[in-house]
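# Architecture at a glance
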Amino acid sequence: MMQDCVFCRIVNRQLPSTVVYEDDKVMAFNDINPVAPIHVIIIPKEHIASVNDLTDNNASVMGDIHLAAKKIAEKLGVADKGYRLINNCGPDAGQTVFHLHYHLIAGVKLGAKII
Ligand code: AMP
Ligand code: ZN
């Protein structure tokens, strides 16, 4: 837990969020500033700042995140129509919250470029 990390505070219910999925390793909630009808943020509960901070010891969360994404897409009814999973790593990619996360974006026909 990083006290000054927005997503750690969401995990610990110190900040409100609309939770759409949770298990012991992963949490997912609606993005506060959605860019599409469905815009969910999927995070590991463990604080990992970015893809750059993955190690042999914590990299299993990537599988957990992707399994969660599959379940969320099914739950929200977009598994067949499709969805996009996006990770921004570092300043040039526009990462603003330094707690590893994936954007699950769906509910609209997406162009070649979004976010
Ligand atoms: P990124 O640019 O990849 O770091 O994306 C961070 C995302 O987190 C943005 O889409 C924000 O809208 C979203 N975000 C920031 N704070 C919150 C919050 N308190 N609840 C939900 N989403 C948030
Ligand atoms: Zn964090």
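Going by the structure above, here's the rest.
All figures in this text were calculated on a predicted structure; none of them were measured in a lab.

## Describing the sheet that holds strand β3 (residues 38-44)
- If you walk across this open sheet you meet the 5 strands as β1-β2-β3-β5-β4, and the pairing is antiparallel. Since the sheet does not close on itself, it has two edges, and those belong to β1 (19-22) and β4 (83-86), each with one partner. When the angles between neighbouring strand axes are averaged without regard to direction, this sheet yields 20 degrees.
- Judged from the 5 bridges that link them, β3 and strand β5 (residues 102-106) form a sheet pairing that is antiparallel. Paired with His39 across the bridge in β5 is Ile105.

## Topic: the coordination of the zinc ion (ligand 2)
- Distances from the zinc ion (ligand 2) to its protein donors, Cys5 (SG), Cys8 (SG), His47 (ND1) and His99 (ND1), fall within 2.0 to 2.3 Å.
- Around the zinc ion (ligand 2) sit 4 donor atoms; with metal-centred angles ranging over 106 to 116 degrees, the donor geometry is tetrahedral.
- All donors to the zinc ion (ligand 2) come from one chain, and their sequence spacing reads C-x2-C-x38-H-x51-H. Here His99 lies in the loop between β4 and β5 and His47 lies in the loop between β3 and α2 (60-75), a separation of 52 residues in the sequence.
- Given a relative accessible area of 22%, His47 falls into the partly exposed group.

Calculation notes
- Residues numbered from 1 in each chain as written.
- Chains lettered and ligands numbered in written order.
- Predicted model: local features only at pLDDT ≥ 70, side-chain atom pairs only at ≥ 80, totals over all residues.
- Heavy atoms only, no water.
- Pairing = 2+ DSSP bridges.
- Helix = DSSP H or I, 4+ residues; strand = E, 2+ residues; numbered from the N terminus.
- Axes fitted to C-alpha atoms, helices over the stretch in contact; angles between N-to-C directions.
- Donors = N, O, S within 2.8 Å, 3.2 Å for Na, K, Ca; no water.
- Tetrahedral: all angles 85-135°; square planar, octahedral: opposite > 155°, others 65-115°.
- Buried < 20%, exposed > 50% of the residue type's maximum accessible area, 1.4 Å probe, protein only.

In short, the description is geometric, and any link to function would need to be established separately.
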